[in-house]
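# Notes for the structure review
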Amino acid sequence: MKYLHSMIRVNNLKESLRFYEDLIGLKLQSKKDLEDCTLYFLAQYEGAPEIELTDNWQKPTTPYKTGETFGHFAFECEDMEAFVKKVSDMGYELMYGEPFNLDLKNEDGSITVKRIAFIKDPDGNEIEIIYKG
């Protein structure tokens, strides 16, 4: 078994592409028109797991609601300070204020420290950003 992609429906394709391409750094891998929608597959590189943005041509009158069982997508960044600056420069806001440390105890008793932050995409899906340092 190989994990391939997660699909989310988007209300505003232009804003969603801006978020996932310009802020998160994913690249459009392929695009497919179907009978009632267009699918956009984005990934870090060819062959990596993808996020499928589904742009339905007939939008509901009220925005889509995120399912209660969905938690978040997670991405690793190389520089948390640079990411936080980019968030601000692009007009987005972090959830829960500033990034914070998450100390995880390993089986051998050692501690792994991760610096994490959360942000929402244009449709309200939560994105966790992890810096492992």
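Residues numbered from 1 in each chain as written. Predicted model: local features only at pLDDT ≥ 70, side-chain atom pairs only at ≥ 80, totals over all residues. Heavy atoms only, no water.

So, on to the packing of aromatic side chains. The geometry of an aromatic ring pair is captured by two quantities: the separation of the ring centres and the angle between the planes. Overall, the coordinates contain 3 aromatic pairs when judged by the stated rule. Their ring planes at 75° and their centres at 5.0 Å tell us that Phe19 and Tyr20 sit as a pair that is edge-to-face. The same class applies to Phe19 as to Tyr20, namely buried. Taking 5.6 Å as the distance between ring centres and 80° as the angle between the ring planes, the aromatic pair formed by Tyr96 and Phe118 counts as edge-to-face. Taken together, the residues span a long stretch of sequence, with Tyr96 in strand 6 (residues 94-105) and Phe118 in strand 7 (residues 111-120) at a distance of 22 residues. (Phe/Tyr/Trp six-rings, centres within 6.5 Å; stacked < 30°, edge-to-face > 60°. Buried < 20%, exposed > 50% of the residue type's maximum accessible area, 1.4 Å probe, protein only. Helix = DSSP H or I, 4+ residues; strand = E, 2+ residues; numbered from the N terminus.)

Attention now moves to the side chain of Glu128. Tracing the chain through its elements places Glu128 in strand 8 (residues 126-131). Here His72 takes part through its side chain, which lies 2.7 Å from a polar atom of the side chain of Glu128. If we ignore the near neighbours within four places in the chain, the residues touching Glu128 are His72, Phe73, Ala74, Phe75, Ile116, Ala117 and Phe118. (Polar contact = N/O pair within 3.5 Å; in protein donor to acceptor, adjacent residues only side chain to side chain. Contact = heavy atoms within 4.5 Å.)

A few words on helix 1 (residues 13-23). Those residues of helix 1 that sit buried are Leu13, Ser16, Leu17, Phe19, Tyr20 and Leu23. Between the side-chain oxygen of the N-cap and the backbone nitrogen of Lys14 there are 3.2 Å, and the N-cap of helix 1 in question is Asn12. Where helix 1 ends, the next residue or the one after it, Gly25, has phi of about 95°, a positive value.

Quick look at the sheet that holds strand 3 (residues 37-43) now. An order of 1-4-3-2 is seen for the 4 strands of this open sheet, with the pairing classed as mixed. Among the strands making up the open sheet, the edge pair consists of strand 1 (5-9) and strand 2 (27-33). Going across the sheet, the axis of each strand differs from the next one's by a mean of 20°, ignoring polarity. By the bridge criterion, 6 bridges tie strand 3 to strand 4 (residues 50-56) in an arrangement that is antiparallel. Paired with Leu39 across the strands is Thr54, a residue of strand 4. Helix-sheet contacts for helix 1 involve strand 1, strand 2, strand 3 and strand 4, and the interaxial angle to strand 4 is about 170°. (Pairing = 2+ DSSP bridges. Axes fitted to C-alpha atoms, helices over the stretch in contact; angles between N-to-C directions.)

Both strand 2 and strand 3 contribute to a ladder of 6 bridges, which runs antiparallel. Across the sheet, residue Asp33 finds its bridge partner in strand 3, namely Thr38. Counted along the chain from strand 2 to the antiparallel partner strand 3, the turn is 3 residues long.

We now examine a negative patch on the surface. Side chains of Glu76, Glu78, Asp79 and Glu81 sit close together on the surface and give a patch of like negative charge. By the secondary structure assignment, Glu81 is in helix 2 (residues 80-89). Look at Glu81 and you get exposed, because its relative accessible area is 68%. (Patch = residues over 30% accessible without salt bridge, like charges linked within 9 Å, V, L, I, M, F, W, Y side chains within 5 Å. Areas by Shrake-Rupley, 256 points an atom, 1.4 Å probe, with all protein chains shown as cover. Salt bridge = Lys/Arg side-chain N within 4 Å of Asp/Glu carboxyl O. Lys, Arg positive; Asp, Glu negative; His and termini not counted. Charge placed at Lys NZ, Arg CZ, Asp CG, Glu CD.)

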